Structures are given as C-alpha cells and as structure tokens.
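Listed below, chain by chain, are the residues.
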Amino acid sequence: MPGTDNPSTSPQSTVLNTTLASKLDPKAKRQQSNAADMLALLSTLRQQEATIRKGGGAKAIDAQHAKQRLTARERIALLLDPGTDLFELAAFAAFEMYAEWGGAPAAGVVCGLGRVCGRLSMIVANDATVKAGAFFPMTAKKVLRAQHIAMENRLPTLYLVDSAGIFLPLQEDVFPDQDDFGRIFRNNARMSAMGIPQITAIMGMCVAGGAYLPVMTDHVLMTEGSGLFLAGPALVEAAIGQKYSAEELGGATMHAEISGTVDFKEPNDHLCLARLRSLVSKLGHPARAPFDRAHYDAAKDAPRYSAEDLYTLIDPDPTRASSNTYDMHELIARLVDRSEFDEYKPGYGRTVLCGYARIGGFAVGIVANQKQHQPQISHSGEKRIEFGGVIYAESADKAARFILDCNQNLIPLIFIHDVNGFMVGRDAEWTGIIRSGAKMVAAVSNSTVPKITVIVGGSFGAGNYAMCGKAYDPRFIFAWPTARYAVMSGASAAGTLLEIRIRALERDPDRGGRKLSDQEKQEIRASIQASYDAQTDCRYAAARLWVDAILDPAKTRESLLLALEAAAHNPQIERFHPGVLQT
C-alpha cells in the first residue's frame, strides 16, 4: 500500500513519492456488503438524531412559540453565518437515559462549533422545550465539556440562556461535586481570566444558581419578557412573604435601568441575536498557534480517492471480527491531502502505523492501528505473524518515539483507533511488553501538542489508553458508527463472565449443586454478550459524553479539519517534559 521510493540514480527517480497507492476495490462483493450495512446503520443513527433534534416534541415547541420565543435550534440558525451549519457536539448526550422522567433529548442543551461573523465559536444553547431547559446531571456535564473544549482551544463562547435551573428531582447528582453545576461558573471566571470572550443572551428564564452564568461573562443581553433572578416570585413569597411580579423582580427593564446588570435590552429574539452578532464581529484577533499550515487548495489538494470508499472498509457487525482485517493505509489515503503520507519506520513495529501528513494544509502526525496481520522477524531471527489490531512491544516503542518527535517539532497528533489491546503471553512478556506499553502511555500522557482521536472500530483495554482515549485529554474525540470500546471485546468478556456466572450458579445451595446443561450455558452466554455489546455501542458512549460526536465516515476529513482549525486558535503550547521513560 505505501508509496515506494526507488533508490535508482536515474534522473526520473529523484522525485520523492509519498503518495499512498490504493488497492481497495469498492465494488468488490465484500466491500459492497460492508457499505450496505454501514449505510443502514447510518440511516438508523440519522433517524435517531432527527428525533433528538425535535427536543421536547411538537407540543413543547408550540408552547415556546406561543411565548413569542424561538427554540434553541432556531436561535442558533439565526446566529450562524448564512450558508453555514452548526458542527454539533454530543447530540446523543443522555440518549436512552432518564426514561423515568420522560427522557432528556440532547440532555436539554445544544452545543457545537459554528461560525459567527467569520469567527469559529463555541455555542451553548438551552433547549427550553426539554423540561423548561432544566439541568439534568448530563446537562451540566455537557456544558462543562463544551467549556473545556473552548478553554483548550481559546474559542469565543456564546451562551443562549433559557433555563429553569437545576432539575430538582435529581439535584443531588447535579449540584455538589467537582464536575457538577457549580463548575460551570468557576469555568466562566477562569475563561475570563484566560482572555476567552464570553457573551450571554438571556432569551427566557434564567433562575437560581444559573443566574450567575450570564453575569460572569463579558456581555449580557436580555430580551423583554425574560427573567433573571436568584429566586422566582413564588419562592420569594414563600421564603420572605413578599409578593412581586416576575418583571418587577427580575425583568429586562429592571436589570437594564435599575440593577444595571444587563448591557443590552432587546425587544425580541431576532434583534437580540442581531446584537450578539454585532458584538462578535468586533472581537479582536489574538495570536494563533505555531503549527505549520501550507497553502491549501480544496480542489487540488484533496485526497486522490473518494471519501465514500470509507463506507466499504469496515464490517459493522462486531461478531464478524475475522472480516474486519483491512489495510489502515486505505483509510489514511482518504483523509490526508493528496493522499501523501511520510510513513515513519514502515518496516518496524508494523501493527501500529506512524507517519506525517497534511489535512487541509495543517501538518499532522498520525498514529493508527494496522488491522492486517503483519510479518515480523523477532530479535532472535525467528519469522512470525503479528495479529492486526494488537500492539506489540516494537509497535509501542515506535509509537512512543514518534509521539516524542511530534511534540519536539510542534506537530498536532491524530490517533485512529481499531485496537484489541496489547499482546499477551510468555513471548510478549519476555519482550518487555509492559515496559514498552508504559513508555507509549507515558508519551501520550505528557504530550502537549493538540491530540485528536477517532475511534473507527474496536478500542479495547489498555489499547484505548495508549491510543489517547478520553482519559488522556484529546482536544476532540470522535467515533464512527462502528466504534466499540470497553475493557475487552464482547466475545472475550462473554467467555470470562460466563465462567464466573456458571461457578456462582453451580455453588448456589438452592440449586443443590446441580450442573448446568449446555443449553442453559448457551442462554446465559447469549444474555451476557447481548448486554455487554449494548454497552460497547457508540451511542452508549456518546450518551455518557465519552465521545464528542458520532461521525459519518465520509465526513471524517472535514471534521478533523475543523478540529485542527479550532486547535490552532490556542497559541500557548506547554513545554514538553517527557518525564522518566522505561527503556
């Protein structure tokens, strides 16, 4: 698959060839089957996303309009530059959670990256059609993730507030902890200290603790008919016996003319959003990151191969693991500019690919799991086959060194996951797999250049850690619909858990020590695997914010380009200190 550099001394061979030559046949039977299954899975995801975008449903939307207010998504559409869309983050947050409370589509808040007057911005908009915009536990965590992304990438942050505050039935899971509701306001203060612009438009209710958010940002806009108060009229009357109207207690006119809390009072949502755009248009332009970006022509520098070929690459059925052996070079060839890839140590540690490329002109380092089995010669001269998707000692050593090089040279890193984990067994232990794995994990942990992670297949066990899983602070973490990750694959876990369950049942005194039949064992195995597989599904991960977005595979390149553009807003790159490395 990789381009070859002919060492011939003839003049015709003096031009370096780094172009990846594809052998993928998208029309082959297996590839067509993969594509059909992938498109079916994407169709299901799109239908679910369409339902999520309806928020609290038609009646709730009608109720919002009856108050002369727009919905969160309608407001965002007016805020964004014409002809541009929101790159939504965490759309599946709280998916299939809180069923006892009627659910919370998108966790009741819409977050994402969008262009406002040409400025790439983080947008956070409460969805008042979902429980009046109240904060569920996942709502707070979603806003915190949006703020974290904004802080890491120094992105202007725009809040469209319309919220009743904490969802009281679940207040114990929203209010007190380090990563709960109060952290949002701490982040407001920290972002201000960092010089990150924050502007809030109050276009509905903003009550209780949530009232601090707008007032801790740089500018506060408020529409007539909205309310901003620590306690609403009913609570004030119950607490201190005083009776006031909502307007008198915390209306836009009062805050604009008496308390002085509001900077701009606007008559309606449309004019409020127009004012917000006007303010954003006047923001300054701070220094950018020192990453190299070459001149880029979208037509001339696009990959040589179609992005839609990516639908054909992976079998979406995790039970057909043997069919998920593919050449990771094929995926890289459809992501990088002109399909050019300077592969690092291509003949060594072949189950992890490392190399340099460009995406939209940005120089990047890529670390990716090779899913094809690879021939390798051991230190003793023995020929062996290494399993695709498994990290061996040599692979970990190579990747660790490559990560160090990228940090040394200020090159952002992209990690592409389809990993079963590290190799196990006597031979692996004798090669020092733990030492090499620790070296790779340490390099990822201390890396200071931006890291962006894409999970395209499995991401199991310590392989998830070494390949920059969520715990290792990627600026963004994306997943394909085929992404699955847990401590081990469903099949492996089912076998282990089955033995534990069988021993427990056969020791149960109520059963009299009776041995289980083969049929009973099969039923238990099927039940365990079904439950485990459901928990490894990308939607389960997205619901809990373990990934920022589920990507259409054909849009991976444009998503990476947007993430790199966001990362380039932060000019501050900490000095790289690799620490003590096992050698």
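Let me sum up the structure you'll find in this document. (Residues numbered from 1 in each chain as written. Predicted model: local features only at pLDDT ≥ 70, side-chain atom pairs only at ≥ 80, totals over all residues. Heavy atoms only, no water.)

### Quick look at the packing of aromatic side chains
Okay, so step 1: Considering all chains together, one arrives at 14 aromatic pairs under this definition.
Okay, so step 2: Considering the side-chain rings of F92 and F95, the 5.2 Å spacing of their centres and the 75 degrees angle between planes classify their relative orientation as edge-to-face.
Okay, so step 3: Take F92: its relative accessible area is 3%, and that puts it in the buried class.
Okay, so step 4: Relative to Y472, the ring of Y465 has its centre 5.9 Å away and its plane inclined at 40 degrees; by these criteria the two rings are tilted.
Okay, so step 5: An aromatic cluster is built from Y98, W101, F136 and F167, whose rings are joined through pairwise contacts. (Phe/Tyr/Trp six-rings, centres within 6.5 Å; stacked < 30°, edge-to-face > 60°. Buried < 20%, exposed > 50% of the residue type's maximum accessible area, 1.4 Å probe, protein only.)

### Examining the nonpolar core
One recurring pattern in soluble globular proteins is that nonpolar side chains are buried together.
Okay, so step 1: Counting residues in each nonpolar core, the largest one holds 76 residues, and the members touching the most others are L113, I332, I366 and I416.
Okay, so step 2: Tallying contributions element by element places helix α4 (residues 137–153) first for this core, with seven residues.
Okay, so step 3: Setting aside chain neighbours within four positions, we find I366 in contact with I332, V336, F341, L353, C354, G355, A357, F402, I414 and I416.
Okay, so step 4: In terms of nonpolar packing, the next biggest core, distinct from the first, is built from 31 residues, A134, A483, Y485 and L545 among them. (Core = buried A, V, L, I, M, F, W, Y, C linked by side-chain atoms within 4.5 Å. Helix = DSSP H or I, 4+ residues; strand = E, 2+ residues; numbered from the N terminus. Contact = heavy atoms within 4.5 Å.)

### Quick look at a nonpolar patch on the surface
Okay, so step 1: Judged by side-chain polarity, Y212, M216 and L230 come together as a nonpolar surface patch covering roughly 290 Å² of accessible area.
Okay, so step 2: For Y212, the position within the fold is in helix α6 (residues 212–215). (Patch = residues over 30% accessible without salt bridge, like charges linked within 9 Å, V, L, I, M, F, W, Y side chains within 5 Å. Areas by Shrake-Rupley, 256 points an atom, 1.4 Å probe, with all protein chains shown as cover. Salt bridge = Lys/Arg side-chain N within 4 Å of Asp/Glu carboxyl O.)

### As for helix α5 (residues 181–193)
Okay, so step 1: Buried within α5 we find F181, I184, F185, N187, N188 and M191. Each buried residue of α5 sits inside an arc of 155 degrees when the element is viewed along its axis, so together they form one side.
Okay, so step 2: On its buried face, α5 sits against α4, β4 (157–163), β5 (198–207) and α6.
Okay, so step 3: The positive-phi residue at the C-terminal boundary of α5 is G195, with phi of around 80 degrees. (Arc of directions from axis to C-beta.)

### Quick look at the pattern of salt bridges
Okay, so step 1: Applying the stated criterion across every chain yields a total of 24 salt bridges.
Okay, so step 2: Put simply, R75, D162 and D269 are held in one network by salt bridges that share partners.

### Here's the deal with the packing of helix α3 (residues 72–79) against helix α10 (residues 269–281)
Okay, so step 1: Where α3 meets α10, the axes come as close as 9 Å, and the angle between the chain directions of the two elements is 45 degrees. The pairing of α3 with α10 is recorded here as oblique in orientation. The two elements α3 and α10 cross, and the hand of that crossing is right-handed. In contact with R75, L78 and L79 of α3, α10 contributes D269, H270, L273, L276 and R277. (Axes fitted to C-alpha atoms, helices over the stretch in contact; angles between N-to-C directions. Parallel < 35°, antiparallel > 145°, perpendicular 65-115°, else oblique. Left-handed = near helix turned anticlockwise from the far one by under 90°.)

### Thoughts on the pairing of strand β11 (residues 362–369)
Side chains on a regular strand alternate between the two faces of the sheet.
Okay, so step 1: Counting buried residues along β11, eight of its eight residues qualify, which places the element largely inside the surrounding structure.
Okay, so step 2: Judged by which residues are buried, β11 turns out to be covered on both faces: F362, V364, I366 and A368 on one side and A363, G365, V367 and N369 on the other are all buried.
Okay, so step 3: Sheet analysis places strand β10 (residues 352–359) next to β11, joined by eight bridges and oriented antiparallel. Paired with C354 across the bridge in β11 is V367.
Okay, so step 4: Judged from the four bridges that link them, β11 and strand β15 (residues 413–419) form a sheet pairing that is parallel. Following the sheet pairing, A368 is matched in β15 by I416. (Pairing = 2+ DSSP bridges.)

### Description of unusual backbone geometry
Trans is the common state for peptide bonds, and a negative phi is the common state for residues other than glycine.
Okay, so step 1: In this structure, A90 takes a positive phi of about 60 degrees despite not being glycine.
Okay, so step 2: A90 gets classed as buried once you look at its relative accessible area, which sits at 9%.

### Re the packing of α4 against α5
Okay, so step 1: Where α4 meets α5, the axes come as close as 9 Å, and the angle between the chain directions of the two elements is 20 degrees. On the basis of the axis angle, α4 is roughly parallel to α5. The two elements α4 and α5 cross, and the hand of that crossing is left-handed. Contacts between α4 and α5 involve A140, V143, L144, Q147, A150 and M151 on the former and, on the latter, F181, R183, I184, N187, N188, R190 and M191.
Okay, so step 2: For the contact of α4 with α5, the per-class residue count stands at eight nonpolar, three polar and two charged. (Nonpolar A, V, L, I, M, F, W, Y, C, P; charged D, E, K, R; others polar.)

### Concerning the side chain of N153
Okay, so step 1: Positionally, N153 belongs in helix α4.
Okay, so step 2: At 2.8 Å, the side chain of N153 and the backbone oxygen of I149 are in polar contact.
Okay, so step 3: At 2.7 Å, the side chain of N153 forms a polar contact with the side chain of R475.
Okay, so step 4: Beyond its immediate chain neighbours, meaning those up to four positions away, N153 contacts R475, F476, A566, A567, H569 and N570. (Polar contact = N/O pair within 3.5 Å; in protein donor to acceptor, adjacent residues only side chain to side chain.)

### Thoughts on α3
Okay, so step 1: For α3, the complete set of buried residues consists of A72, R75, I76 and L79. The buried residues of α3 all sit within an arc of 100 degrees when viewed along its axis, so they share a single face.
Okay, so step 2: On its buried face, α3 sits against α2 (58–66), β2 (109–116), β3 (119–126), β4, β5 and α10.

### Observations concerning the environment of R350
Okay, so step 1: As for its position among the elements, R350 is in the loop between β9 (342–343) and β10.
Okay, so step 2: Once the C-alpha coordinates of R350 and P375 are considered, the two residues, 25 residues apart in sequence, prove to be 8.2 Å apart.
Okay, so step 3: Those residues within four positions of R350 in sequence are excluded, and the remaining contacts are Q370, Q374, P375, Q376, S395 and K398.
Okay, so step 4: From its side chain, R350 meets the backbone oxygen of P375 in a polar contact 3.4 Å long.

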